Amino acid sequence: MQLLTSKVLVLLSVLYLLLLSGCVDSYDPQLPGNLDVVIVDGTINNLPEQQVIRLNRSKSDPNNGRPGFMALTKAKVQVIVDSAQVIEAHETVDGVYYLPADFRGQTGHAYQLRFTLSDGSTYESTQQVMPDVPLIGQVRVEFNPSSLSPTLLDGYTAAHDLYIDTQDPEGQPNYYKWDWKLWEKQEWCRTCYQGVYSINNVVEVYNNAGTRSFRPGNDLYEDCFYPPASHFPGRIIPDWTYDYKCRTKCWAVFLSTELNLFADGYTDGALIAKRKVAKVPFYQHHGCLVELRQSSLTPSAYRFFKDLQEQTQNSGGVADPPPTASIGNVQNQGDPNELVVGYFTASAVSTQRYWLDRTDTRGIPYGGGVDEKGNYVAGMNELFYAMFRRLPNPEPSPPNTPIFQIIDLSSRSRPYTAICVDSEKQTSYMPQGWRE
């Protein structure tokens, strides 16, 4: 089970629902293979963090009509500031384009996205002027055994609800979006399916009798090594999974997925009091760090996200309004009729971090209890169980022999530990505000 869901995938699922429901006349849900759209996800903010643009394509399988999802690589991506300065973005992960590390958005300035795909198609967004955002005030936290929707974590509902106060500015329209980011301490850093983890590259060695073995080489590898099929009798590779502990400290990163929006049309200048902005699942007993993020939205971005919110939260009752397709603000310059989904915008963000010690919890965490084999889940294994719904299966230690063995004659002992690879889903850097 995947607990970390990107906003792009949420957007894709909504898009697919819209298209198959017949909301876009040019798409016939009876015809397989009819879905082929570009998906854009990018927000420029004013925080000292990496500014990222994501480009993907959703395309139906021509046989069964089910949507596939692939990154759009080798695009030329630019952000234009105030119709004058051009900032180049560079692709480091497929479909993920990073702006320079020192680039930050500024309130009152205008931003526009432009990108050209490898086939020469050029796309541009509308211009977005970054509005200011008030600071987050007081934070309140309550443990709620019934906080989460039963559909989110297989019926598990316990979480901490986090509330904030903020003072809405008077005499101007303001549009808000709230998100949260969560860091959880993790102990297991790598899973190798039908392989074993190796610090160095692995080389084949033959003795005088012609018997083959596998030894560590001299080059740094730090990855799962998958043995050749010829190593196994009958050329059938056995089915196994080994999990490896972290060599250094590592934190799993979770992002919110629900849209939480507000417009001050009827409360201009009033205190926004006890606004629920986060529901942090009770994954494990260990404490965690939560970052609350309060973003300003342009009026057009608010309308887009509001439409998207209504699509995802529509109950389907007879009184619900019919869905409408939220296409976004990006257009193909050579074909204005092409459907492009997603939105590029600029938002100022106010943040506040909160240490959640979880000492007020009741009951069993989502990662606790007993697994399907009757094994008790406790300690740092709770987070692993919450993420994968199984207990870790470490590579056997000597004198036991793993299914595939790397013979290391050095002083290092197997099984090795794994490095914490920095990504959107985990980090080796201790987050500011973390408590041991």
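All values reported here derive from a predicted model rather than from experimental measurement.

Definitions and cut-offs
- Residues numbered from 1 in each chain as written.
- Predicted model: local features only at pLDDT ≥ 70, side-chain atom pairs only at ≥ 80, totals over all residues.
- Heavy atoms only, no water.
- Pairing = 2+ DSSP bridges.
- Helix = DSSP H or I, 4+ residues; strand = E, 2+ residues; numbered from the N terminus.
- Axes fitted to C-alpha atoms, helices over the stretch in contact; angles between N-to-C directions.
- Contact = heavy atoms within 4.5 Å.
- Buried < 20%, exposed > 50% of the residue type's maximum accessible area, 1.4 Å probe, protein only.
- Core = buried A, V, L, I, M, F, W, Y, C linked by side-chain atoms within 4.5 Å.

### Re the sheet that holds strand β10 (residues 139–144)
Spatial strand order, β10-β11-β19: 3 strands in an open sheet with antiparallel pairing. Pairing within the sheet leaves two strands with one partner each, and these edge strands are β10 and β19 (271–281). For this sheet, the mean inter-axis angle between neighbouring strands, taken without regard to orientation, is 25°. In terms of strand pairing, strand β11 (residues 159–167) meets β19 through 8 bridges, oriented antiparallel. Bridging across to β19, Leu 162 finds its partner in Ala 278.

### What to know about the environment of Ile 403
For Ile 403, the location among the structural elements is in the loop between α3 (381–388) and β26 (426–427). Taking the C-alpha atoms as reference, Ile 403 lies 9.9 Å from Ile 237; in sequence the two are 166 residues apart. Once residues within four sequence positions are removed from consideration, Ile 403 is found in contact with Phe 232, Pro 238, Trp 240 and Tyr 242.

### Some points on α3
The element α3 is largely enclosed, with a buried count of 6 among its 8 residues. Looking only at α3, the buried set comprises Glu 382, Leu 383, Phe 384, Tyr 385, Ala 386 and Met 387. Buried residues belonging to α3 abut β12 (175–185), β13 (188–193), β16 (241–245), β17 (251–255), β24 (369–370) and β25 (376–377).

### Overview of the nonpolar core
Ranked by internal contacts, the top residues of the largest apolar core, which has 31 residues, are Leu 182, Val 280, Tyr 283, Val 290 and Leu 292. Elements that contribute at least two residues to this core include exactly β10, β11, β12, β17, β19, β20 (288–296) and α3. With near-sequence residues (within four places) excluded, Leu 292 lies in contact with Ile 136, Val 139, Leu 162, Ile 164, Asp 179, Trp 180, Val 277, Ala 278, Ser 350, Thr 351 and Gln 352. Val 40, Ile 53, Val 79 and Val 340 belong to the second largest nonpolar core, which has 27 residues in total.

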